[in-house]
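# Commentary on secondary and tertiary structure
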2 protein chains.
Amino acid sequence: MVRILGIDPGSRCTGFGIIDWQGSEPFYVASGRITTLAGDELAGRIGVIVEHIGEIIDVYRPQQAAVEQVFVNANPAATLMLGQARGAAVAALVLRGLPVYEYTALQVKQSVVGRGKAAKAQVQHMVVRMLSLSATPQADAADGLAVALTHALRFHGLAGRLGGLAIRGGRLSHTS
Amino acid sequence: MVRILGIDPGSRCTGFGIIDWQGSEPFYVASGRITTLAGDELAGRIGVIVEHIGEIIDVYRPQQAAVEQVFVNANPAATLMLGQARGAAVAALVLRGLPVYEYTALQVKQSVVGRGKAAKAQVQHMVVRMLSLSATPQADAADGLAVALTHALRFHGLAGRLGGLAIRGGRLSHTS
């Protein structure tokens, strides 16, 4: 069994999701989002992110972390803020000694939905199905779970789950 | 006496400088730069920044931190990396409980050189003069010291040092 913490950093909200990967099956552990105050200064926002991620690690004790590679947009100020939030999140993971794996949004959608052009609602839908949830998690929390699932499938293999399929170099291919 | 840690974050190198502000005079304590490996993955780079800043704080025990507001350029990937490095640096400061103050590059140049359009060499030159250094520090280290000096002058006042001048709202103005 391996416990995975998935993080989807954002300039305002950072989504997180924790799953257990056991016998080629993912199991839901926890999820949520960390919200920073828009009016707060940088140190305050970064403090919120770092301290909450530290608490999550202390409570749930994940063994691996997966972080979504954030979308770089045309607005430099927004990109900088996103970078700062992401840097703080990765700092919190590294300080707790967690190995950190990175996945692009494309990889997350391909792994969870099966194609890179999937809408947010489809990601949420597949997260609910794969983890047999009784309700749809909030969008940021679902993104955190989706990154954790992506890591589980790509790193620990999904051969058992998808019946003879394994991901190789980002593509699905038959194993035998 | 107050000990100030100045940080100038960069995507490859993070400059730092530590000064003591005592009796309206700045005194040099230490400076240097933290270099991350270009080929290293994000977690490795962020680990280097966070751990080194943590060590610097443990060794020199500054009471306040000042961070330069990074230059946002047109290259989104570079801006993102800069943001990540800056977020990690601020995370390290916040985790050690240091109050963090931010200054723009313009404020640093105005405070240290006297005008916002100063060249890097002029900043280095003034850092050497203000701290009575016997040699010119490396550029990133000088930038770290310049940020620390900016905080000392703007936050703790420079009336004593510049003979009747005080910074108000980012501009120099006569006090009496």
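Overview of the structure. (Residues numbered from 1 in each chain as written. Chains lettered and ligands numbered in written order. Predicted model: local features only at pLDDT ≥ 70, side-chain atom pairs only at ≥ 80, totals over all residues. Heavy atoms only, no water.)

### Concerning the relation of the copies chain B and chain A
Relating the two copies of this chain is a rotation about some axis coupled with a shift parallel to it. Note the threshold: C-alpha atoms of residues with pLDDT of at least 70 in both copies form the basis for the least-squares superposition of the copies. Contacts are assigned to residue pairs with any non-hydrogen atoms lying within 4.5 Å of each other.
Taken as rigid bodies, chain B and chain A are interconverted by a rotation of 180° and an axial shift of 0.0 Å, the fit giving an RMSD of 0.0 Å. On the angle and the small slide along the axis, the relation comes out as a two-fold axis. Both copies share a contact surface, since 100% of the interface residues of chain B are interface residues in chain A too.

### Let's talk about the sheet that holds strand β3 (residues 25–35) of chain B
Residue and element names in this part refer to chain B. Quick note on the threshold: Each pair of strands is called paired provided DSSP finds at least two bridges between the two strands. Working definition: helices are DSSP H or I runs of at least four residues, strands are E runs of at least two. Numbering for both runs from the N terminus. Helix axes are fitted to C-alpha atoms over the stretch in contact, other axes to C-alpha atoms as well, and angles between N-to-C directions run from 0 to 180 degrees.
Here five strands make up an open sheet; going across it, the order is β3-β2-β1-β4-β5 and the pairing mixed. Strands at the two margins of the open sheet, each flanked by one partner only, are β3 and β5 (100–104). With direction set aside, neighbouring strand axes in the sheet form an average angle of 20°. Bridge count between strand β2 (residues 13–22) and β3: ten bridges; the pairing is antiparallel. Opposite W21, over in β3, you have P26 as the bridge partner. Of the strands in this sheet, β1 (2–8), β2, β3, β4 (64–69) and β5 are in contact with helix α5 (residues 139–155), which crosses β2 at around 40°.

### Considering the packing of aromatic side chains
Residues and elements named next belong to chain A. Applicable threshold: Two aromatic rings, drawn from Phe, Tyr or Trp (for Trp, its six-membered ring), form a pair once their centres lie within 6.5 Å of each other, and the interplanar angle then sorts them: stacked below 30 degrees, edge-to-face above 60, tilted otherwise. Burial here depends on accessible area, computed with a 1.4 Å probe over protein chains only, as a share of the maximum for the residue type. Under 20% is buried, over 50% is exposed, and the range in between is partly exposed.
The tally for this structure, following the rule as stated, stands at two aromatic pairs over all chains. Summarising the aromatic geometry, the rings of Y101 and F155 are spaced 4.7 Å apart at their centres and angled 55° between planes, so their arrangement reads as tilted. With Y101 in strand β5 (residues 100–104) and F155 in helix α5 (residues 139–155), this pair connects stretches of sequence that are 54 residues apart. Relative accessible area serves as the criterion here: at 22%, Y101 is assigned to the partly exposed category.

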